[in-house]
Amino acid sequence: MSEHLMNTYARQPVTFTKGEGAWLWDTEGKRYLDALAGVAVNGLGHAHPRLVAAIGEQASRLIHVSNIYGIAEQGKLADKLCAISGMDNVFVCNSGCEANEAAIKLARLYGHNKGVENPEIIVMERAFHGRTLATLSATGNRKAQAGFEPLVSGFIRVPFDDLEAVRQVAQRNKNVVAILLEPIQGEGGINVPRDAAAYLNGLREICDANGWLLMLDEVQSGVARTGTWFAFQHTDVVPDVMTLAKGLGSGVPVGACLARGAAAEVFTYGKHGSTFGGNPLASTAALATLEIIESDGLLAHAEQLGNYIREALATSLQGVAGVSVIRNAGLMIGIELDRPCGDLVKQALEAGLLINVTADKVVRLLPPLIMSESEAQQLVNILTPLIKKFLA
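This write-up is about the structure you can find in this document. (Residues numbered from 1 in each chain as written. Predicted model: local features only at pLDDT ≥ 70, side-chain atom pairs only at ≥ 80, totals over all residues. Heavy atoms only, no water.)

**Observations regarding the overall build of the chain**
Turning to step 1, where the next piece is worked out: A count of helical and extended segments in the chain gives twelve helices and 15 strands.
Turning to step 2, where the next piece is worked out: Within the span of the chain, comprising 392 residues, buried residues form 55% of the whole.
Turning to step 3, where the next piece is worked out: Intrachain contacts of the chain at a sequence separation of at least 6 include 71% that bridge at least 24 residues.
Turning to step 4, where the next piece is worked out: For the chain, the centre of its 33 positive side-chain charges and the centre of its 40 negative side-chain charges are spaced 4 Å apart. (Helix = DSSP H or I, 4+ residues; strand = E, 2+ residues; numbered from the N terminus. Buried < 20%, exposed > 50% of the residue type's maximum accessible area, 1.4 Å probe, protein only. Contact = heavy atoms within 4.5 Å. Lys, Arg positive; Asp, Glu negative; His and termini not counted. Charge placed at Lys NZ, Arg CZ, Asp CG, Glu CD.)

Here's what the structure looks like:
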């Protein structure tokens with residue numbers, strides 16, 4: 001790697017030169033099974049022919065124009081996102097933290113419009129919303145925040161999956177205007193609510209009773225990863241605001257902040273913007289991604305394959321001391337161990353498998369949506385001996 005790159009990543013000792021489907025090849029020609037998908041980005045795997053064709057055709061015509069002008073592809077993307085989500089409108093940007101910045105700004109403006117001088121947002125412990133100052137402040141990870149103080153004020157933190165804690169805040173704080181949470185915490189360790197429907201319904205009721213916005217960060221859980229278009233669709237709850245990125249463009253940077261009802265009327269001319277957001281190339285990549293997921297039945301496949309991997313791991317690791325729990329929501333899979341296990345990342349790499357460890361003790365798997373059952377079995381066959389050896 002270049003000595004001129006800032007030292008912001010603890011990079012693994014490998015550089016990839018090509019990919020196809022669920023596989024990557026490095027500079028030495030070694031092949032790796034990708035069970036991380038660029039951290040939930042490459043839902044269609046690598047070099048998907050229809051995605052490549054769509055991006056290439058668009059690039060040959062028009063890559064970028066400013067949002068000063070109309071962008072037909074962006075409009076089509078907004079129409080599609082609203083059709084599959086039940087939301088009313090969309091702000092298109094470049095990344096997850098930008099989408100969450102938009103949501104935070106929207107909530108604050110919503111509060112000011114209601115006469116709340118110092119609007120506050122309830123956020124969750126162990127949450128991850130991004131690395132800009134506002135999204136970092138909303139994030140529940142002191143290690144990520146350390147050294148960047150003073151953080152942005154206006155966030156009230158409560159435990160994840162704890163309705164009573166939210167009710168207590170509602171009773172004593174009249175500045176709250178919104179709740180921001182991930183329906184499934186990704187960076188926090190693939191944390192799934194004990195009863196997602198009851199939890200989200202409870203939050204919806206609290207928001208409705210207090211005139212708050214329910215804002216869901218689906219940057220990692222959205223775009224078919226859990227077996228529905230968005231994780232909230234496993235329940236009958238619909239948020240006021242939802243944020244997307246990661247899998248939306250299959251590797252082309254694109255994010256989105258969607259709004260519904262009163263929230264959809266908050267942003268007006270001049271209140272928010274983006275130079276690159278929703279340009280023709282990014283919007284085309286996102287549209288092609290959504291169309292391929294739909295046409296190839298990848299929603300149902302993600303749910304079925306995720307359950308298959310969880311069950312296969314549970315069988316292979318049954319009775320192994322040190323395995324605390326295996327949990328999943330579709331193809332968001334976490335294997336929690338009883339000790340820090342970051343060393344497994346390099347060990348898996350040497351064995352030809354790409355994984356990740358988050359929250360120190362959780363092996364995180366985010367396979368591409370297109371992974372086959374036989375490839376999933378290869379994943380399990382490679383990973384379980386490594387975990388057993390590590391824990392022995």
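**A word on the pairing of strand β9 (residues 241-244)**
Turning to step 1, where the next piece is worked out: Here β9 shows no split at all, with Val241 and Thr243 on one side and Met242 and Leu244 on the other all buried.
Turning to step 2, where the next piece is worked out: With three bridges connecting them, strand β8 (residues 213-217) and β9 associate as parallel partners. Paired with Asp217 across the two strands is Thr243, which belongs to β9.
Turning to step 3, where the next piece is worked out: Judged from the four bridges that link them, β9 and strand β10 (residues 255-259) form a sheet pairing that is antiparallel. Of the residues in β10, the one forming a bridge with Leu244 is Ala256. (Pairing = 2+ DSSP bridges.)

**Considerations on the sheet that holds strand β3 (residues 31-34)**
One key point about sheets: their strands pair by backbone hydrogen bonds, in either a parallel or an antiparallel sense.
Turning to step 1, where the next piece is worked out: The strand order across the open sheet built from four strands is β1-β2-β3-β13, with neighbouring strands paired in mixed fashion. Either end of the sheet is taken by a strand with one partner, and the two such strands are β1 (16-20) and β13 (353-354).
Turning to step 2, where the next piece is worked out: Here β3 pairs with β13 via two bridges, running parallel. Bridge pairing in β13 places Asp34 opposite Leu354.

**Description of the packing of aromatic side chains**
Turning to step 1, where the next piece is worked out: For the coordinates displayed, the defined rule picks out three aromatic pairs.
Turning to step 2, where the next piece is worked out: With a centroid separation of 5.3 Å and 85° between ring planes, the pair formed by Phe16 and Tyr32 is classed as edge-to-face. Of this pair, Phe16 sits in strand β1 while Tyr32 sits in strand β3; the two residues are 16 residues apart in sequence, bridging distant segments of the chain.
Turning to step 3, where the next piece is worked out: Given the relative accessible area of 4%, Tyr32 is considered buried.
Turning to step 4, where the next piece is worked out: Pairing Phe160 with Tyr199 gives two aromatic rings, centres 5.6 Å apart and planes at 80°, and the pair type is edge-to-face. Of this pair, Phe160 sits in the loop between β6 (155-158) and α7 (163-172) while Tyr199 sits in helix α8 (residues 196-210), placing them 39 residues apart in sequence.
Turning to step 5, where the next piece is worked out: Of the residues examined, Tyr199 reaches a relative accessible area of 3% and is grouped as buried.
Turning to step 6, where the next piece is worked out: Sitting over the ring of Trp25, Lys18 keeps its end group 4.9 Å from the ring centre.
Turning to step 7, where the next piece is worked out: Directly above the ring of Trp23 sits Arg31, whose terminal nitrogen or CZ lies 3.6 Å from the centroid. (Phe/Tyr/Trp six-rings, centres within 6.5 Å; stacked < 30°, edge-to-face > 60°. Lys NZ or Arg CZ within 6 Å of the ring centre and 35° of its normal.)

Purely spatial values, then, with no claim about function.
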